[in-house]
Amino acid sequence: MTLYDLVAPGLETRGEPRYRIAEIRAADPLAADGLLAAVPVMNETADVAALTVALRALMPDADRAADWSVVEALAAMRDIGILLGSLKRHGVQPVAAVPEVLPVLELLAQRTDMVPRDTVHHYTTWNPLGARRRTYTGHPMEADLQDAVRMTFPSLVAALETCGRLARLEPYDPGFSIALDRTAQYVQSMVDSIDFTLAHVTPEYFATVLRPYFEDIDVAGHAYLGPAAAQVPLWLVDLTLWQCDRSNPEYDGFLQDSVQYSLPSWRAFHARHAGGVSAVSKLSAAFSWESGHHVPPQLTASALSLARVLRILKTFRARHIGIARKAYSDELRQYDQGSGGAPVALLRSILDLTRENETLVRAPRAPRAHRGPREDRS
Ligand code: HEM
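Cut-offs applied
- Residues numbered from 1 in each chain as written.
- Predicted model: local features only at pLDDT ≥ 70, side-chain atom pairs only at ≥ 80, totals over all residues.
- Helix = DSSP H or I, 4+ residues; strand = E, 2+ residues; numbered from the N terminus.
- Rg over C-alpha atoms; globule rule 2.2 N^0.38 Å.
- Buried ≥ 20, exposed ≤ 12 C-beta atoms within 10 Å, placed from the backbone.
- Contact = placed C-beta atoms within 7 Å.
- Axes fitted to C-alpha atoms, helices over the stretch in contact; angles between N-to-C directions.
- Parallel < 35°, antiparallel > 145°, perpendicular 65-115°, else oblique.
- Left-handed = near helix turned anticlockwise from the far one by under 90°.
- Near = placed C-beta within 6 Å.
- Nonpolar A, V, L, I, M, F, W, Y, C, P; charged D, E, K, R; others polar.

Caption draft 1: A look at the overall build of the protein chain. Check the secondary structure of the protein chain and you find 20 helices and 2 strands. Here the C-alpha radius of gyration of the protein chain, 22 Å, is about what a compact globule of 378 residues would show, namely 21 Å. A principal-axis box enclosing the C-alpha atoms of the protein chain has dimensions of 75 × 50 × 40 Å. The buried share among the 378 residues of the protein chain stands at 43%. Intrachain contacts of the protein chain at a sequence separation of at least 6 include 82% that bridge at least 24 residues.

Shown next as structure tokens:
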């Protein structure tokens, strides 16, 4: 049994339509199954005319679209999205080529409270499996990359809860290390995801075939990025662990641009915690307070748990940067920026920040006499 099996059924019952994954995958509100199955061939032959006709053919009747549930609207955006990325890959701005798509994108954005184009969630989590899977190329490596990203979604939903709890606790509280240990379990899915990618997707395939489909498109004067893995909101975890008060301008800027591509409740989480005090800062303050004295066992436990999560994040980032460097090497790269809008150099700086924060909490001070819990001393 995988983590997905454990967490996904719980997701379906939380009343959030965006977590009704099975229903979204099953939905085909534009009756697009047959047409989208032909897209890989259209892309292979760079048949812009056929892609344009296909996009036009998918356009729904405005009254019908206005009646769609959130589940149906998400599925419709997913299906239109495959054609948006395909046209752009062949150098065509889709909204300019098919202007009637603009009001539909705006309507779907409004109905789903998301950006007016498809995101990584549409392309992976909400994408059907099997014969109905939507892809640009039909290549097994594209499906593998989708699945690699797909497997992180339930864990990140679960981490949202544990990180939210963590933000309300102090490191002297036993709940602090419990929340971190649960988070560690969830974040492990990022390592599994990148290991799966390394085993199944070559940097050559990504760089030369897939990457061009993730280019940004223009929607009413705004550039919206394609469904990049970089939009996977690992920042939810960083935010409460260290990012909210121990970041750098590059990562802050990247997050500022990335948050818009996530789900409404995740954006709300970001807004709630962005100005907060991070777990690393709380722990550092507690250790300064205890400086020269016996460190309470709970504080040591909290430090160990925090270091463990940061180590897992570091492992993900160290392996991830390996494939990213190859895909954006001088020999392979067609673009200077990643599909998430940032250069590979950003990954180095996030990895360094993760390392620095791990080093900060790794080694609790040498013990002397115990001064009792902090609350008793105010
Ligand atoms: C061929 C495989 C991959 C390549 C070449 C690649 C490349 C990159 C690059 C260049 C960035 C910098 C930002 C940007 O894209 O503009 C990035 C960011 C990111 N990627 Fe990937 N990536 C790959 C697969 C994955 C997978 C499978 C995941 C797992 C979900 C993932 C998760 C992330 C995350 C979370 C970020 C934001 C930065 C961070 O938190 O460290 N990537 N990726």
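Anyway, onward from the coordinates.
Caption draft 2: Just the environment of V98, in detail. Along the polypeptide, V98 turns up in the loop between α8 (94-97) and α9 (101-112). With 24 C-beta atoms counted inside 10 Å, the residue V98 sits in the buried group. It is 36 Å that separates the C-alpha atoms of V98 and E250, two residues lying 152 residues apart in sequence. Excluding residues that lie within four positions of it along the chain, V98 makes contacts with T52, L55 and R56.

Caption draft 3: Up close: the packing of helix α5 (residues 48-58) against helix α7 (residues 70-89). For the pair α5 and α7, interaxial distance at closest approach is 10 Å and the crossing angle is 155°. The orientation of α5 with respect to α7, classified from their angle, is roughly antiparallel. Crossing of α5 over α7 shows left-handed handedness. Facing α5, whose interface residues are V48, L51, T52, A54, L55 and L58, α7 presents D79, I80, L83, S86 and L87.

Caption draft 4: Focus on the site of the ligand. The immediate surroundings of the ligand are formed by 30 residues, with A229, A230, A327, G338 and G340 found nearest. Secondary structure elements with two or more residues in the shell around the ligand: α11 (140-150), α13 (174-200), α19 (297-327) and α20 (344-362). A per-element tally of the shell around the ligand places α19 first, with 5 residues. Split by residue class, the shell around the ligand holds 20 nonpolar, 9 polar and 1 charged.

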